[in-house]
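# Breakdown of the fold
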Amino acid sequence: MTAPIVHMFPCLSDNYGFLIHDPETEETACIDTPEAGAILAEADAMGWKITQIWNTHWHPDHAGGNAEIQDKTGCRIIGPAEVKKRLEAPLDQTVEDGDSVQLGALTADIIATPGHTLGHIVYHIPEARLAFVGDTLFALGCGRLFEGDPAQMWTSLSKLKTLPSETVIYCAHEYTAANAAFALSVDADNSALLAYADEIKAARAIDKPTVPTTMAKELATNPFLRADDPSLQAFVGKPGDAVAAFGEIRARKDNF
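Attention here is on the structure that accompanies the text. For clarity, every value in this text was computed on a predicted model and none was experimentally measured.

### Overview of the overall build of the protein chain
The helix and strand tally for the protein chain stands at 10 helices and 14 strands. Against the compact-globule benchmark of 18 Å for 256 residues, the protein chain has a radius of gyration of 18 Å, which places it among compact chains. The buried share of the protein chain, reckoned over its 256 residues, is 51%. Here the contacts in the protein chain between residues at least 6 apart in sequence split such that 58% fall between residues at least 24 apart. Each charge class in the protein chain was averaged separately, 19 positive and 36 negative side chains, and the resulting centres sit 4 Å apart.

Written out as structure tokens, the structure is:
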């Protein structure tokens with residue numbers, strides 16, 4: 001298998017757009033559609049034709065460009081049922097947990113990750129060691145619980161925790177500097193986190209993106225993935241209960 005090419009670029013105020021391209025078949029998928037004009041321009045600049053859209057969830061900054069991009073390219077749109085039900089955006093193929101989708105020779109496995117929205121999904125491409133996680137997981141953060149509850153989101157994050165440590169994680173927003181400040185407020189003695197926070201500060205000082213990250217780095221530093229760690233549970237006053245600890249960490253972040 002020829003390795004896919006992932007092209008990442010800024011959209012809107014703090015979103016990232018992603019194009020994944022299979023060099024063997026020349027197929028290109030757009031991961032979510034935050035800003036149709038920017039996405040089409042980037043594809044054109046790369047000399048790629050968008051043949052598929054892979055939506056992670058229904059929010060307008062993730063599926064709002066579906067119609068325009070499909071109109072311009074004739075691409076096929078794949079995603080969770082909520083894209084059509086909640087946003088009334090075009091959707092050609094509904095996928096759910098355990099399904100898979102093809103992009104040329106590439107296979108992406110669908111992982112249901114409810115919490116941010118009830119139908120949120122992640123696209124994991126094991127052969128390429130990468131995952132597009134939408135708003136479920138961020139570098140040093142996780143999505144707000146707009147629809148789900150702490151138990152659902154902890155279950156979803158626990159699924160992602162089992163991905164191979166070398167998996168490259170493409171999350172959809174540049175929130176990392178703010179996430180680092182919060183993470184340090186609950187896990188200040190974590191040496192890996194302290195080093196990561198310094199990296200983030202240096203990167204953002206020169207307007208360099210902090211995405212993608214890796215599962216190994218997030219497992220060591222992301223407080224939302226560490227809600228099962230006894231020291232962090234003790235710090236937030238929820239010993240022995242990962243769900244309660246996660247809920248407390250999320251509540252603290254919401255008010256940080």
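### Digging into empty space enclosed by the protein
Any space left empty among the atoms is revealed by the rolling of a water-sized probe across them. Within the structure shown, the criterion is met by 1 cavity of 30 Å³ or more. In terms of lining, the largest cavity is formed by Asn15, Tyr16, Phe18, Ile31, Asp32, His62, Phe132, Val133, Gly134, Tyr170 and Ala172. When contributions to the lining of the largest cavity are tallied by element, the ones reaching two or more residues are β2 (15–22) and β10 (130–134). In terms of residue class, the lining of the largest cavity is built from 7 nonpolar, 3 polar and 1 charged.

### Digging into the packing of helix α5 (residues 150–161) against helix α10 (residues 242–254)
Where α5 meets α10, the axes come as close as 9 Å, and the angle between the chain directions of the two elements is 105°. Between α5 and α10, the interaxial angle falls into the category roughly perpendicular. Across from Pro150, Ala151, Met153, Trp154 and Leu157 in α5, the residues of α10 making contact are Ala242, Val243, Phe246 and Gly247. Residues that form the contact of α5 with α10 fall into these classes: 8 nonpolar, 1 polar and no charged.

### Thoughts on the nonpolar core
Of all hydrophobic cores here, the largest spans 46 residues; its most connected members are Ile20, Trp54, Tyr123 and Phe132. Excluding anything up to four places from it in sequence, Ile20 contacts Pro4, Ile5, Val6, Glu27, Thr28, Ala29, Ile31, Leu103, Leu106, Ile125, Leu130 and Phe132. Among the nonpolar cores identified, the runner-up in size contains 18 residues, and Cys30, Leu40, Ala43 and Ile69 belong to it.

### Regarding the packing of aromatic side chains
With the rule as written, the count across this model stands at 9 aromatic pairs. Geometrically, the ring pair formed by Phe132 and Tyr170 is stacked, given 5.3 Å between the ring centres and 25° between the ring planes. Taken together, the positions of Phe132 in strand β10 and Tyr170 in strand β13 (residues 168–171) put the pair 38 residues apart, joining distant regions of the chain. Overall, the relative accessible area of 1% leaves Phe132 in the buried class.

Analysis parameters
Residues numbered from 1 in each chain as written. Predicted model: local features only at pLDDT ≥ 70, side-chain atom pairs only at ≥ 80, totals over all residues. Heavy atoms only, no water. Helix = DSSP H or I, 4+ residues; strand = E, 2+ residues; numbered from the N terminus. Rg over C-alpha atoms; globule rule 2.2 N^0.38 Å. Buried < 20%, exposed > 50% of the residue type's maximum accessible area, 1.4 Å probe, protein only. Contact = heavy atoms within 4.5 Å. Lys, Arg positive; Asp, Glu negative; His and termini not counted. Charge placed at Lys NZ, Arg CZ, Asp CG, Glu CD. 1 Å grid on protein atoms, 1.4 Å probe; cavity = no way out; pocket = protein on both sides within 12 Å on 5 of 7 lines; lining within 4 Å. Points joined across faces, edges and corners; volume = space filled by probe spheres on them. Nonpolar A, V, L, I, M, F, W, Y, C, P; charged D, E, K, R; others polar. Axes fitted to C-alpha atoms, helices over the stretch in contact; angles between N-to-C directions. Parallel < 35°, antiparallel > 145°, perpendicular 65-115°, else oblique. Core = buried A, V, L, I, M, F, W, Y, C linked by side-chain atoms within 4.5 Å. Phe/Tyr/Trp six-rings, centres within 6.5 Å; stacked < 30°, edge-to-face > 60°.

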